[in-house]
Amino acid sequence: MSFRLKTVLGIAVIEIALLAILVISGLHYLSTSNGDQLFDRARTTAQLFATMTSDAVVAMDLATLDVLAEQTASNPGIVYVRVRHGNGRVLSARGDAEALAAPFAEDGSTADAAGDQRLDVSHPI
């Protein structure tokens, strides 16, 4: 092989390696930022639902609470909605029966949700 061919091949290998690193880091960034945005959306949704239902919970208006929970659970991407009293008693629950039957374990990140394929979040009222 000539020196010129060796130089061209060496530069091509370096460019391929650097391009591969750039693509991998870009995909990792997209993955983590999408996960963070999903988690932020879930927390915001829980906070909005808590704000929306706070008057019904304080007044113990279970009929209004059921309607609000039903409307919220019917939105795409929301699997279930559960409202608990301070003592742990369920005031209203709507959504997927399997998700409601499972014990609640709040996820700290999207990686924690990988086990049950559900992002569980809560917000106090």
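Everything that follows concerns the structure shown earlier in this document.
In this text the structure is predicted, and so the values were computed from the model without any measurement.

**With respect to helix α1 (residues 3-58)**
Here comes step 1: The end-to-end C-alpha distance of α1, which contains 56 residues, comes to 82 Å, matching closely the 82 Å that a straight helix rising 1.5 Å per residue would cover.
Here comes step 2: Helix geometry: α1 is bent most strongly at M52, by close to 40 degrees.
Here comes step 3: Restricting attention to buried positions, one finds in α1 the residues S33, G35, F39, A42, A46, F49, A50, T53, A56 and V57.
Here comes step 4: Among the structural elements, α2 (62-73), β1 (80-84) and β2 (90-95) are those in contact with the buried residues of α1.
Here comes step 5: Downstream of α1 by a residue or two, M60 has a phi angle that is positive, lying close to 55 degrees.

**A short note on the side chain of D107**
Here comes step 1: You can see D107 is positioned in the segment after α3 (97-101).
Here comes step 2: It turns out D107 is buried and unbridged, and the closest side chain with the opposite charge, R118, is 7.0 Å from it.
Here comes step 3: Only 2.8 Å separates the side chain of D107 from the backbone nitrogen of D120, close enough to count as a polar contact.
Here comes step 4: Sequence-distant contacts of D107, defined by excluding residues within four places in its chain, comprise F39, D112, A113, R118, L119 and D120.

**So, the nonpolar core**
Here comes step 1: In this structure, F49, A56, V57, L65, A69, A73, V81, V83 and L91 together form the largest nonpolar core, which totals 9 residues.
Here comes step 2: Among the secondary structure elements, those contributing two or more residues to this core are α1, α2 and β1.
Here comes step 3: Excluding residues within four positions of it along the chain, A69 makes contact with F49, V81, S92 and R94.

**Focus: the packing of α1 against α2**
Here comes step 1: Put simply, α1 and α2 touch, their axes get as near as 9 Å, and they point 165 degrees apart. Relative to α2, α1 is oriented roughly antiparallel. By crossing handedness, the relation of α1 to α2 is classed as left-handed. Mapping the contact onto sequence places F49, M52, T53, A56 and V57 in α1 and T64, L65, L68, A69 and T72 in α2.
Here comes step 2: When the residues that make up the contact of α1 with α2 are grouped by side-chain class, the tally is 7 nonpolar, 3 polar and no charged.

Thresholds applied
- Residues numbered from 1 in each chain as written.
- Predicted model: local features only at pLDDT ≥ 70, side-chain atom pairs only at ≥ 80, totals over all residues.
- Heavy atoms only, no water.
- Helix = DSSP H or I, 4+ residues; strand = E, 2+ residues; numbered from the N terminus.
- Expected span 1.5 Å × (residues − 1).
- Bend = angle between axes of the 7 residues up to and from the residue.
- Buried < 20%, exposed > 50% of the residue type's maximum accessible area, 1.4 Å probe, protein only.
- Contact = heavy atoms within 4.5 Å.
- Lys, Arg positive; Asp, Glu negative; His and termini not counted.
- Salt bridge = Lys/Arg side-chain N within 4 Å of Asp/Glu carboxyl O.
- Polar contact = N/O pair within 3.5 Å; in protein donor to acceptor, adjacent residues only side chain to side chain.
- Core = buried A, V, L, I, M, F, W, Y, C linked by side-chain atoms within 4.5 Å.
- Axes fitted to C-alpha atoms, helices over the stretch in contact; angles between N-to-C directions.
- Parallel < 35°, antiparallel > 145°, perpendicular 65-115°, else oblique.
- Left-handed = near helix turned anticlockwise from the far one by under 90°.
- Nonpolar A, V, L, I, M, F, W, Y, C, P; charged D, E, K, R; others polar.

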